[in-house]
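For reference, the chains in residue letters:
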Amino acid sequence: MDFGFRCPVILCLTLAVLASVLADLDDTLMGAPGSSVRLSENDPGLKKALKFAEDRYNMGSNTMHVRRVSKILSASKQLVKGIRYNIMVELSNTQCKKAARLMTCDFYPEEHNLKTEVCVFEVWDIPWERKSTLLKQKCQPAVDPKPVETNKVEFLSLSTSKPVEETEYLVELLGQFKEFMVRYNRTYSSKKDTERRLRIFHENLKTAEKLQSLDLGTAEYGVTKFSDLTEEEFRTLYLNPLLSQQKFQRSMKPAAMTHGPAPPSWDWREHGAVSPVKNQGMCGSCWAFSVTGNIEGQWFVKTGKLVSLSEQELVDCDTVDQACGGGLPSNAYEAIEKLGGLETETDYSYTGKKQSCDFTTDKVTAYINSSVELSKDENEIAAWLAENGPVSVALNAFAMQFYRKGVSHPLKIFCNPWMIDHAVLLVGYGERQGKPFWAIKNSWGEDYGEQGYYYLYRGSRLCGINKMCSSAIVN
């Protein structure tokens, strides 16, 4: 599938990020640690890290003889809640057997006995806790390496003619891509397609790294099940372009004021008002999942019964919205009122594609009387949610493609609040590690994010989360 060329975000950031960083980061973050610094071989911290890595290597290897660092190829460090050392070295055989425990161990003078490996180590050292951890160890023979064995990725191989740094990077990249293909059961139609997906995967890793380095929250970004999709493919298959089109939105009456301020935290999952996470598949039907999730919560609040309602009914029978091509919650509420209600997921199951409408009034399980639009003030949204139930919302989902866990706080350059393209369900809010958050139920399956949930920083109208908040009303 090829949706044409669109400038990858990572290539367009060079100038924009500089301005955005100045605008979005406060003075305390301008000098934030994390940049990589190259080290000389005589650096005391590097020597300590090498000794630690050597010891861990020898403890874990099944070789008879001790191996030592014979050459440092590259070394750098980053300040990351301690010091993280990135080291690439050659390890060679010594004449000492492991059982001998000798203080000094010389290398073999004969070259044919001097077995050497190229190893990449990452060592995390926390000096004030006197604690070191080996985060990564990857080794391969330094001479005549075999091609890297991957899942249908046989088009790249390693050779000693490549620079050491390039060899290290390719080993890492291919390993990650193979792991991605196995985990998400990816197969591609041809070698050419596989190569293209690897290139996209590579670009997406860079984007995730940029998100990670500039995130102001506690989020972790990286490889997800969407990592082999271009930005355009991701938007076309999973997002909803109609949400940012003001001309398609139906006006709604404002929601009634709440009886009091928002409590410090609230989570409707703890009160039984939220059904399990669902999966919209490769269909831009997020609007339907957002609305049914809201109505499931409203029905529970009014009746005490939680039922899983049908999104497929909306995909098939809402004649105003565009099924997998996108839709608006405001239109969906009106369609449900005209239809007379919603069937259950069991009676009208999801297929992820538009079919002829098969709605039956006899099977209606839940109905609504009207719908309302909430305030754009996040404190008022939180108060309304805690008092009335989960809320249908929409946001800019760019950072969500690479989100893994934590409280996401992307810069505005990644998350333009006026470019809303994904509808979700707000089920609660709270605080983690000093970061206020919204708990968001997504519709990309439980293998996305934190068991299907996305956590977004709360309080700065991030990603347009406050712009399209609505709810059905059940009398």
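Data block above holds the structure.
Residues numbered from 1 in each chain as written. Predicted model: local features only at pLDDT ≥ 70, side-chain atom pairs only at ≥ 80, totals over all residues. Heavy atoms only, no water.

Enquirer: When you look at the overall build of the protein chain in this model, what are you seeing that I'm missing?
Expert: Summing up its helical and strand segments, the protein chain has 10 helices and 16 strands in all. Within the protein chain, the proportion of its 475 residues that are buried is 49%. Within the protein chain, contacts between residues at least 6 apart in sequence are counted, and of these 73% link residues at least 24 apart. For the protein chain, the accessible surface area stands at approximately 23600 Å², while carbon and sulfur atoms represent 51% of it. (Helix = DSSP H or I, 4+ residues; strand = E, 2+ residues; numbered from the N terminus. Buried < 20%, exposed > 50% of the residue type's maximum accessible area, 1.4 Å probe, protein only. Contact = heavy atoms within 4.5 Å. Areas by Shrake-Rupley, 256 points an atom, 1.4 Å probe, with all protein chains shown as cover.)

Enquirer: Which parts of the structure should I look at to understand the packing of aromatic side chains?
Expert: Aromatic rings considered in pairs are described by the distance between their centres and by the relative angle of their planes. In this structure the tally under the stated criterion is 21 aromatic pairs. When the ring centre of Trp-438 is taken as reference, the NZ or CZ atom of Arg-458 above it lies at 5.8 Å. (Phe/Tyr/Trp six-rings, centres within 6.5 Å; stacked < 30°, edge-to-face > 60°. Lys NZ or Arg CZ within 6 Å of the ring centre and 35° of its normal.)

Enquirer: Please clarify how helix H3 (residues 44-60) should be interpreted in this entry.
Expert: Every α-helical turn comprises 3.6 residues, leaving residues that sit three or four positions apart pointing alike. For H3, spanning 17 residues, the distance from its first C-alpha to its last is 25 Å, which sits close to the expected 24 Å at 1.5 Å a residue. Buried within H3 are the following residues: Leu-46, Ala-49, Leu-50, Phe-52, Ala-53, Glu-54, Tyr-57 and Asn-58. (Expected span 1.5 Å × (residues − 1).)

Enquirer: Is there a simple way to explain the pattern of salt bridges in this structure?
Expert: Proximity of charged atoms lets side chains of opposite charge pair with each other. All told, the structure shown has 20 salt bridges when counted by the stated rule. Lys-138 is paired through a salt bridge with Glu-172; the nearest N and O atoms lie 3.5 Å apart. Taken together, the positions of Lys-138 in strand S5 (residues 131-141) and Glu-172 in helix H4 (residues 164-183) put the pair 34 residues apart, joining distant regions of the chain. Taking relative accessible area as the criterion, Lys-138 reaches 31% and is therefore assigned partly exposed. Linking Arg-196 and Glu-233 is a salt bridge whose minimum nitrogen-to-oxygen distance equals 3.6 Å. Note that Arg-196 is positioned in helix H5 (residues 191-214) and Glu-233 in helix H6 (residues 231-238), a separation of 37 residues in sequence. Counted as one network, the salt bridges with shared partners bring together Asp-193, Arg-196, Arg-197 and Glu-233. (Salt bridge = Lys/Arg side-chain N within 4 Å of Asp/Glu carboxyl O.)

Enquirer: Hey, could you run me through the nonpolar core in this one?
Expert: In this structure, Leu-426 and Tyr-454 are the most contacted members of the largest nonpolar core, which totals 58 residues. Secondary structure elements with two or more residues in this core: H5, H6, helix H10 (378-388), strand S10 (391-395), strand S13 (422-432), strand S14 (435-441) and strand S15 (453-457). Other than its neighbours up to four places away in sequence, Leu-426 contacts Ile-381, Leu-385, Pro-390, Val-391, Val-393, Trp-438, Ala-439, Ile-440 and Ile-465. Membership of the second largest hydrophobic core comes to 18 residues, among which are Phe-52, Tyr-57, Ile-83 and Tyr-85. (Core = buried A, V, L, I, M, F, W, Y, C linked by side-chain atoms within 4.5 Å.)

Enquirer: Help me out: how do you make sense of unusual backbone geometry in this one?
Expert: Only a minority of non-glycine residues have a phi that is not negative, and only a minority of peptide bonds are not trans. One non-glycine residue, Gln-433, adopts positive backbone phi at about 50°. Inspection of the secondary structure assignment puts Gln-433 in the loop between S13 and S14. Unusually for a residue other than glycine, Arg-461 sits at a positive phi of about 55°. Checked against the element boundaries, Arg-461 lands in the loop between S15 and strand S16 (470-473).

Enquirer: Got a minute to help me understand the side chain of Ser-371 in this structure?
Expert: Within the secondary structure layout, Ser-371 lies in strand S9 (residues 370-373). By relative accessible area, Ser-371 is classed as buried at 6%. Reaching out from Ser-371, the side chain makes a polar contact with the side chain of Arg-250 at a distance of 3.3 Å. Excluding residues within four positions of it along the chain, Ser-371 makes contact with Arg-250, Met-252, Lys-253, Tyr-333, Glu-337, Ser-471, Ala-472 and Ile-473. (Polar contact = N/O pair within 3.5 Å; in protein donor to acceptor, adjacent residues only side chain to side chain.)

Enquirer: Explain the state of the cysteines here, please?
Expert: Where two cysteines share a covalent bond between their sulfur atoms, that bond is called a disulfide. Applying the stated criterion across every chain, the model contains four disulfides. Between Cys-96 and Cys-105 runs a disulfide, and the two sulfur atoms are separated by 2.3 Å. Between Cys-96 and Cys-105, the S-S torsion sits near -115°, and that sign places the bridge as left-handed. There is no split in this pair, since Cys-96 and Cys-105 are both buried. A sulfur-sulfur distance of 2.0 Å marks the disulfide that ties Cys-317 to Cys-357. Disulfide Cys-317-Cys-357: the torsion about the S-S bond is 95°, which places it as right-handed. Taken together, the residues Cys-317 in helix H8 (residues 312-317) and Cys-357 in the loop between helix H9 (329-339) and S9 connect sequence positions 40 residues apart. When its relative accessible area of 9% is taken as the criterion, Cys-317 is described as buried. A residue is classified by how much of its surface remains accessible, and Cys-357, at 42% relative accessible area, is partly exposed. (Disulfide = S-S within 2.5 Å.)

Enquirer: Help me understand the sheet that holds strand S1 (residues 37-38) in this model?
Expert: In a beta sheet, neighbouring strands pair by backbone hydrogen bonds and run either parallel or antiparallel. Read from one edge of the open sheet, five strands run S1-S2-S3-S4-S5, paired in antiparallel fashion. Each having just a single partner strand, S1 and S5 make up the two edges of the open sheet. In this sheet, strand S2 (residues 65-79) lies alongside S1 in antiparallel orientation, the contact comprising two bridges. Considered in S2, the bridge of Val-37 is made with Lys-77. The strands that H3 touches are S2, strand S3 (83-97), strand S4 (116-126) and S5; relative to S2, the one it contacts most, it runs at about 135°. (Pairing = 2+ DSSP bridges. Axes fitted to C-alpha atoms, helices over the stretch in contact; angles between N-to-C directions.)

Enquirer: Is there a simple way to explain the environment of Cys-119 in this structure?
Expert: With respect to the helices and strands, the residue Cys-119 is situated in strand S4. Here Cys-119 falls in the buried class, since its relative accessible area comes to 0%. In this structure the C-alpha to C-alpha distance between Cys-119 and Lys-136, which are 17 residues apart in sequence, comes to 9.9 Å. Beyond its immediate chain neighbours, meaning those up to four positions away, Cys-119 contacts Tyr-57, Ile-87, Met-88, Val-89, Leu-91, Lys-138 and Cys-139.

Enquirer: Could you clarify how one ought to interpret the packing of helix H7 (residues 286-303) against H9 in this entry?
Expert: What describes two packed helices is the angle between their axes and the distance between those same axes. Closest axis-to-axis distance for the H7/H9 pair is 9 Å, and the angle between their directions is 60°. Taken as axis vectors, H7 and H9 run oblique relative to one another. Seen from above, H7 lies across H9 with right-handed handedness. Together, Trp-287, Val-291, Asn-294 and Ile-295 of H7 and Pro-329, Ala-332, Tyr-333 and Ile-336 of H9 make up the contact between the two elements. Residue classes in the contact of H7 with H9 are distributed as seven nonpolar, one polar and no charged. (Parallel < 35°, antiparallel > 145°, perpendicular 65-115°, else oblique. Left-handed = near helix turned anticlockwise from the far one by under 90°. Nonpolar A, V, L, I, M, F, W, Y, C, P; charged D, E, K, R; others polar.)

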